[in-house]
Amino acid sequence: MRFFMRKIVIIVVLAYAIFSLYAAYNVFFNKRVVSRVHRVVKKGSATLDNGKAGEEEWNPWEEDEREQSIVVQKNRDAFKSYQDRMAKNMPKRYKVQIWGKAAIGLYLWEHILEGPLNPPDRSSQWREGEIQSGKINFSFYTGPAVVQGHISLDTDSGVLVLNGRVQQKISYSIQWLQYVQGLVQAHSLSRVAVVLLGNEQCNNDWISPYLKRNGGFVDLLFLVYDSPWVNNKDIFQWPLGVATYRNFPVITLNSQMVNSARPYLCNFLGTVYKNSSRETLMSIFKQKGMEKECLMLAREKWFPQETTDTSRKYQMALAQSDLTLCPVGINTECYRIYEACAYGSVPVVEDVLTPGACSAGTRSPLRLLKDAGAPFIFLKDWRELSGILEKERGMSQKEKAERRMRLLEWYNGFRQQMKDKFTEVLEDAFFKVS
């Protein structure tokens, strides 16, 4: 038993001695192997192998990562510089709101600017649309529900479309001008233009105090009829256009409209005023027996609104006649001229001045259309009509079709010209775009 216990003690002592020798060898003679695995050591960690506390462990890829970071930053800087150059080179966009408080606003929007309107239903209380022209994004609002204080402004530039023909319309227009004047004084609007259906005798003095040239706030005025005010600097002439208040539509051109033979040489559907040249026109028709060649329908009283039936008959007369007779009314310029152009029926225009202040020298009346090269037939007296119709009878269908195409192309070009002029004038006056 004693021998056995001695043997165990000897084995334990030998094992301890061997372990001690192994430990001493590792401490004094064996080289430390450094791991190549990247370890992030937080600041303030325990003392490292070199005995210095608080230092990060060596990262063999630190230099590569630094170079990669520099490359990424350079790419980001280059991309940002490219974006800045693109933004600088892109044309700047401007916003202009148009408030259509007169029917001619629809001619401006749908026929000149060719903008959409939603909802399409003409009886809707509120209609609006957006379109881009030149550097301007136009937004348009019209309808009975477009009232003062209920239009949200997202721009400081606006165009107000007004009617100044008669006193009742003038009073309504003044209310809108005073409202807009308040917006200017409150700095909600900075730039204002007005498109005005002027008085047919060119008596428009009521708007004069609102013009900037007279101390007012209206920067630009686009004025219907041959007013002597027009200077092409801050007052420009604007076309009367079609009778949108009678829902005259935008006409789409088709080959049948151009090439088909039309059953009537001419037409006149309208009101015959007492002691006017229209009475002379009707008497000539009766004397010459032209009723079979021309579609004539006269009435003694003017009606502001068309019925569905009368509107259909009127448009049919335009579409089925080679010529449309345009005798003067209160003013030489009338809706009938533009409506005939839309259907390719050549206007035969009584080229005489009407009473009033609408005169601009030898170019009046209709100086805007004449300056644009309108391919109309002008006459001074309806007694000249017999010779005009005689010439029409001698024209071939091909000649009439070619003339019709020239008229339609001219009218499309005229509307484009007015669109460009309207846009460029606003760009230059509102935004100083050269």
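The preceding data block contains the structure.
Bear in mind that the values here come from a model prediction, so they are computed numbers and not experimental data. (Residues numbered from 1 in each chain as written. Predicted model: local features only at pLDDT ≥ 70, side-chain atom pairs only at ≥ 80, totals over all residues. Heavy atoms only, no water.)

A.B. asks: Looking at this structure, how should I read the overall build of the protein chain?
C.D. replies: Secondary structure assignment for the protein chain yields 11 helices and 12 strands. Across the 434 residues that make up the protein chain, the buried fraction comes to 43%. Long-range contacts, defined here as pairs at least 24 residues apart, represent 71% of the contacts in the protein chain between residues at least 6 apart. Element-wise, carbon and sulfur atoms account for 55% of the exposed surface of the protein chain, whose accessible area totals about 24,800 Å². (Helix = DSSP H or I, 4+ residues; strand = E, 2+ residues; numbered from the N terminus. Buried < 20%, exposed > 50% of the residue type's maximum accessible area, 1.4 Å probe, protein only. Contact = heavy atoms within 4.5 Å. Areas by Shrake-Rupley, 256 points an atom, 1.4 Å probe, with all protein chains shown as cover.)

A.B. asks: For this particular structure, what's the right way to read the pairing of strand β9 (residues 294–299)?
C.D. replies: In regular strands, side chains alternate between the two faces of the sheet. Two strands pair when backbone bridges link them, and strand β8 (residues 264–271) and β9 are joined in this way by six bridges, in the parallel orientation. The residue bridging Leu 269 from the neighbouring strand is Leu 297, located in β9. For the handedness criterion, the β-α-β arrangement of β8, helix α6 (residues 277–288) and β9 is classed as right-handed. (Pairing = 2+ DSSP bridges. Right-handed = clockwise from strand over helix to strand, strands pointing away.)

A.B. asks: Would you mind showing me how to read the state of the cysteines here?
C.D. replies: A disulfide bridge is the covalent bond that connects two cysteines by way of their sulfur atoms. On inspection of all chains with the given rule, the structure shows two disulfides. Covalent S-S linkage joins Cys 202 and Cys 358, the inter-sulfur distance amounting to 1.9 Å. Between Cys 202 and Cys 358, the S-S dihedral sits near 110°, and the bridge is therefore right-handed. Pair noted here: Cys 202 is in the loop between β5 (191–197) and β6 (220–224) and Cys 358 is in the loop between β11 (346–350) and α9 (367–371), with a separation of 156 residues, a long-range link. The class of Cys 202 is buried, set by a relative accessible area of 7%. (Disulfide = S-S within 2.5 Å.)

A.B. asks: Got a minute to help me understand the pattern of salt bridges in this structure?
C.D. replies: Once their charged atoms are close, side chains differing in charge can pair, the charge on each being opposite to the other. A full pass over the atoms with the stated rule returns 17 salt bridges. Of the charged contacts in the structure, one is a salt bridge between Asp 371 and Arg 363, with a shortest N-O distance of 2.8 Å. Residue Arg 363 is classed as partly exposed on the basis of its relative accessible area of 41%. Between Arg 393 and Glu 390 there is a salt bridge, with the nearest N and O atoms lying 2.9 Å from each other. Taken together, the positions of Arg 393 and Glu 390, both in helix α10 (residues 385–393) and three residues apart, correspond to about one turn of that helix. Owing to a relative accessible area of 37%, Arg 393 belongs among the partly exposed residues under this scheme. What you see here is one network of salt bridges that share partners, running through Glu 293, Glu 390 and Arg 393. (Salt bridge = Lys/Arg side-chain N within 4 Å of Asp/Glu carboxyl O.)

A.B. asks: I'm lost on the nonpolar core in this one. Help?
C.D. replies: Most often, soluble globular proteins keep nonpolar side chains buried together rather than apart. With 87 residues, the main nonpolar core has Ile 98, Phe 138, Trp 410 and Phe 422 as its most contacted residues. Sorting elements by how many residues they give to this core places helix α11 (residues 397–431) first, with 11 residues. Once residues lying within four places of it in the same chain are set aside, the contact partners of Phe 138 are Val 96, Ile 98, Trp 109, Leu 113, Gly 129, Glu 130, Ile 131, Ser 133, Phe 422, Thr 423 and Leu 426. The next biggest cluster of nonpolar side chains, apart from the first, holds 25 residues, and it includes Ile 151, Leu 183, Ile 207 and Leu 221. (Core = buried A, V, L, I, M, F, W, Y, C linked by side-chain atoms within 4.5 Å.)

A.B. asks: So what exactly am I meant to see when it comes to the packing of aromatic side chains here?
C.D. replies: To describe a pair of aromatic rings, you give the distance between the ring centres and the angle between the ring planes. In total, this model carries 20 aromatic pairs according to the counting rule given. Here Trp 176 and Tyr 179 contribute two aromatic rings whose centre-to-centre distance is 5.8 Å and whose plane-to-plane angle is 90°, an arrangement assigned as edge-to-face. Of the two residues, Trp 176 and Tyr 179 both sit in helix α4 (residues 167–185), three residues apart, roughly one turn of that helix. For Trp 176, a relative accessible area of 1% gives the class buried. Within the aromatic cluster, the residues linked to one another by ring pairs are Phe 138, Phe 222, Phe 236, Trp 238 and Phe 422. (Phe/Tyr/Trp six-rings, centres within 6.5 Å; stacked < 30°, edge-to-face > 60°.)

A.B. asks: In this structure, what is going on with unusual backbone geometry? I would like to understand it.
C.D. replies: Leave glycine aside and you will find that most residues have negative phi; peptide bonds, for their part, are mostly trans. With an omega of -5°, the peptide bond running from Asn 118 to Pro 119 counts as cis. Looking at the element boundaries, Pro 119 is found in the loop between α3 (104–112) and β2 (127–133). With an omega dihedral of 5°, the bond running from Ser 364 to Pro 365 counts as a cis peptide bond. By the secondary structure assignment, Pro 365 is in the loop between β11 and α9. Notably, Glu 114 is not glycine yet its phi reads approximately 55°, a positive angle. Here the phi dihedral of Tyr 225 falls at roughly 85°; this positive angle occurs in a residue that is not glycine. The topology assignment puts Tyr 225 in the loop between β6 and β7 (235–238). A relative accessible area of 1% places Tyr 225 in the buried class.

A.B. asks: Looking at this structure, I do not really get α6. What am I missing?
C.D. replies: In an α-helix, one full turn covers 3.6 residues, which means residues spaced three or four apart are oriented alike. Along its 12 residues, α6 runs 17 Å from first to last C-alpha, staying within 8% of the 16 Å computed at 1.5 Å per residue. Along α6, the residues that are buried comprise Ser 277, Arg 278, Leu 281, Met 282, Ile 284 and Phe 285. Viewed along the axis of α6, the buried residues span an arc of 155°, placing them on a single side of the element. Opposite the buried face of α6, by more than 90 degrees, sit the exposed residues Lys 286 and Gln 287. Those residues of α6 hidden inside the fold are in contact with β8, β9, β10 (321–326), α8 (335–342), β11 and α10. (Expected span 1.5 Å × (residues − 1). Arc of directions from axis to C-beta.)

A.B. asks: I keep staring at the pairing of strand β4 (residues 157–163) and nothing clicks. Help me out?
C.D. replies: With seven of seven residues buried, β4 is to be regarded as a mostly interior element. Burial along β4 is two-sided: Ser 157, Val 159, Val 161 and Asn 163 facing one way and Gly 158, Leu 160 and Leu 162 facing the other are all buried. For strand β1 (residues 94–100) and β4, the ladder comprises four bridges, and the chain directions are parallel. Bridge pairing links Gln 97 to Gly 158 in β4. Handedness of the crossover joining β4 and β5 through α4 is recorded here as right-handed.

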